[in-house]
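Chains, contacts and geometry: an overview
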Amino acid sequence: MIVMKFGGTSVEDGKAIERVAEIVGSRGDEKPVVVVSALARVTDSLVTISQLAASGALAEALRLYRQVRQRHFAVLSSLVNGRGETEVRSRLQALFDSLEEVLRGVAALGELSPRTSDNVLSFGELLSSQIVTTAFRARGIDAVLVDSRQLMVTDASYTRAVPQREETNRRLRQSLKPLLTSGRVPVMGGFIAATAEGIPTTLGRGGSDFSAALIGAGLGARKIEIWTDVEGMMTTDPRLCPDARRIDVIGFDEASELAHFGAKVLHPATLFPAVEKNIPVYILNSRNPESKGTCIRARARPSKTILRSIAAKRGVKVVNVRLPRIVAPRPRIVDPQGFLHALFEAFDRHACAADLVSTSDVSVSVAVEASRDLAELVQDLKRLGNVEVEDNKAILCLVGEKLRGRIGVAARVFGVLAGAGINVHMISQGASEINISFVIEERDIPEAVKQLHADFFAERAGDPQRVAKRTTRGGAVPRQSNGSLANATRAGL
Ligand code: ADP
Ligand code: ASP
Ligand code: MG
């Protein structure tokens, strides 16, 4: 069997859903399980609507809610008519009624808890999976709607729930295997799940890819296909750089680094279940199904270019903690030896994952997702030293197997950035040695990506002369804002 996941743009309207039906219809003999996201932009709308309701703007929330409702009914009407339409209309209407009730509850309480937020967001995929199943059936595909909340079991960490794999696998096998054996096509909403008690949860934004991988691993799929709006995994985000090129085959490790550092085409957790079961993951374009896409698998030939790809992660904050050099009497906790230990314990206590870390003996810079509320963490860290938080930052991550042990690449990278007048705040070369990551101002991302892509992808790699020339160029060392360049030596500077 295989898993085919279709993202928001792949099911954005009637035409898109028809294309999906054609793609799935031609693959019946491969026993597909279909996973769908909410219609494009619907999850964003639900976020806005629930926040408006919580802030007391119920009328505005309901106005947007009606627009979302109208859009779903219009999409349904463009796909089916007659009795089928009436039946599904009333099922969609029931979902919208429940959603409205939740929104009114949120407005009455004036509060949106993470649990309620997950409940609201789950409607996106509940609606889309209903519509897609109907469209499939109307086109002769023997599709069955399967409620993901019944099969995908998670803990109760709402908004980023952690799957409980064993129970999920048990339920997946029990429910889906018989359907597949009898030639039916299960359709499930991605992103959504529920606790063992049945309370709806979500796997984090963009989590439908992760759902697909969990289902694939649980059922021992031959492959997992992620159908989206681009030709595959590319040498950078094509929205940032129109010259981006499709990558034919890429290794799990490289793709994983790219996903973690902002290549939105793949949710960062997607590859864990795939790696575990060694299942290849394909990224494919639902607007151009003939295109080869990208295959992500355990082994891939090294890229011809030094870099495989460039990823950019926006919405980052940098937390700088500086141990006062002279403190008398110095509390024991701020001894340099205990400093790092205490610091990471604090990050752990506040469940705040570090994306990037640069250290010296008395100062540490940690890049974290800006969406995290850092107030309590910062209070805690103030016990250790001076704390400063820098906003509006982004991480650029350059990935490539060929970076392993290669001398001079970092100098070339920072030469390009210096040439473009872009300030680098923090540098780290990943322990895996296949990435160089650094923090820059968020507003510098488009220019940085454009310049680096032009420099590293305009030519074939393995041109040592060019690398050598670059390393001797003046101005290659980045300006630094926080003295956190301890790792830069490893990066070949
Ligand atoms: P879906 O709705 O199908 O899940 P997403 O919007 O989540 O699609 O992901 C697809 C988008 O990812 C593309 O439109 C593209 O802008 C972005 N993207 C970022 N980095 C890359 C990359 N390296 N290769 C391809 N697409 C990328
Ligand atoms: N609809 C969800 C989101 O927009 C999940 C997904 O699309 O993968 O985040
Ligand atoms: Mg996505």
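On a predicted model such as this, the values are computed, not experimentally measured, just so you know.

**Focus: the packing of helix α2 (residues 42–54) against helix α5 (residues 114–138)**
One can describe the packing of α2 onto α5 by two numbers: an axis separation of 9 Å at closest approach and a directional angle of 150°. One finds that α2 runs roughly antiparallel with respect to α5. Crossing angle aside, the handedness with which α2 passes α5 is right-handed. Here α2 contributes Val42, Thr43, Leu46, Val47 and Ser50 to the contact with α5, which in turn contributes Val120, Leu121, Phe123, Gly124 and Glu125. Partitioning the contact of α2 with α5 into residue classes produces 6 nonpolar, 3 polar and 1 charged.

**Focus on the site of ligand 1**
Looking at ligand 1, there are 18 residues lining it, with Thr228, Met234, Asp237, Arg239 and Lys264 nearest. One of the side-chain N or O atoms of aspartate 229 is found 2.9 Å from an oxygen atom in ligand 1. The side chain of lysine 264 places a nitrogen or oxygen atom 2.8 Å from an oxygen atom of ligand 1. Surface burial for ligand 1 is 91%, taken as the share of its 570 Å² of free accessible area covered by protein chains.

**Topic: the pattern of salt bridges**
The tally for this structure, following the rule as stated, stands at 32 salt bridges. Here arginine 160 ties to glutamate 369 by a salt bridge, and the two come within 3.0 Å at their closest N and O atoms. Placement of the pair is arginine 160 in the loop between β4 (153–154) and α7 (165–181) and glutamate 369 in strand β14 (residues 363–369), with a sequence separation of 209 residues. You can call glutamate 369 partly exposed: its relative accessible area is 25%.

**Quick notes on the site of ligand 2**
Near ligand 2 the following residues occur: Ser37, Ala38, Thr43, Glu125, Phe191, Arg205, Gly206, Gly207 and Ser208. Take threonine 43: an N or O atom from its side chain is 2.7 Å from a nitrogen atom of ligand 2. One of the backbone N or O atoms of glycine 207 is found 3.4 Å from an oxygen atom in ligand 2.

**Things to note about the sheet that holds strand β6 (residues 192–195)**
Reading across the sheet, the 3 strands line up as β4-β6-β7 and stay open at both edges, with mixed pairing between neighbours. Bordering the open sheet on either side are β4 and β7 (200–202), each of which pairs with just one other strand. Strand direction decides the pairing type here: β4 and β6, joined by 2 bridges, are parallel. Bridging from a neighbouring strand, valine 153 pairs with alanine 194 of β6. Packing against the sheet, α5 makes contact with β6 and β7, and its axis sits at approximately 80° to β7.

What counts and what doesn't
- Residues numbered from 1 in each chain as written.
- Chains lettered and ligands numbered in written order.
- Predicted model: local features only at pLDDT ≥ 70, side-chain atom pairs only at ≥ 80, totals over all residues.
- Heavy atoms only, no water.
- Axes fitted to C-alpha atoms, helices over the stretch in contact; angles between N-to-C directions.
- Helix = DSSP H or I, 4+ residues; strand = E, 2+ residues; numbered from the N terminus.
- Parallel < 35°, antiparallel > 145°, perpendicular 65-115°, else oblique.
- Left-handed = near helix turned anticlockwise from the far one by under 90°.
- Contact = heavy atoms within 4.5 Å.
- Nonpolar A, V, L, I, M, F, W, Y, C, P; charged D, E, K, R; others polar.
- Near = heavy atom within 4 Å.
- Polar contact = N/O pair within 3.5 Å; in protein donor to acceptor, adjacent residues only side chain to side chain.
- Areas by Shrake-Rupley, 256 points an atom, 1.4 Å probe, with all protein chains shown as cover.
- Salt bridge = Lys/Arg side-chain N within 4 Å of Asp/Glu carboxyl O.
- Buried < 20%, exposed > 50% of the residue type's maximum accessible area, 1.4 Å probe, protein only.
- Pairing = 2+ DSSP bridges.

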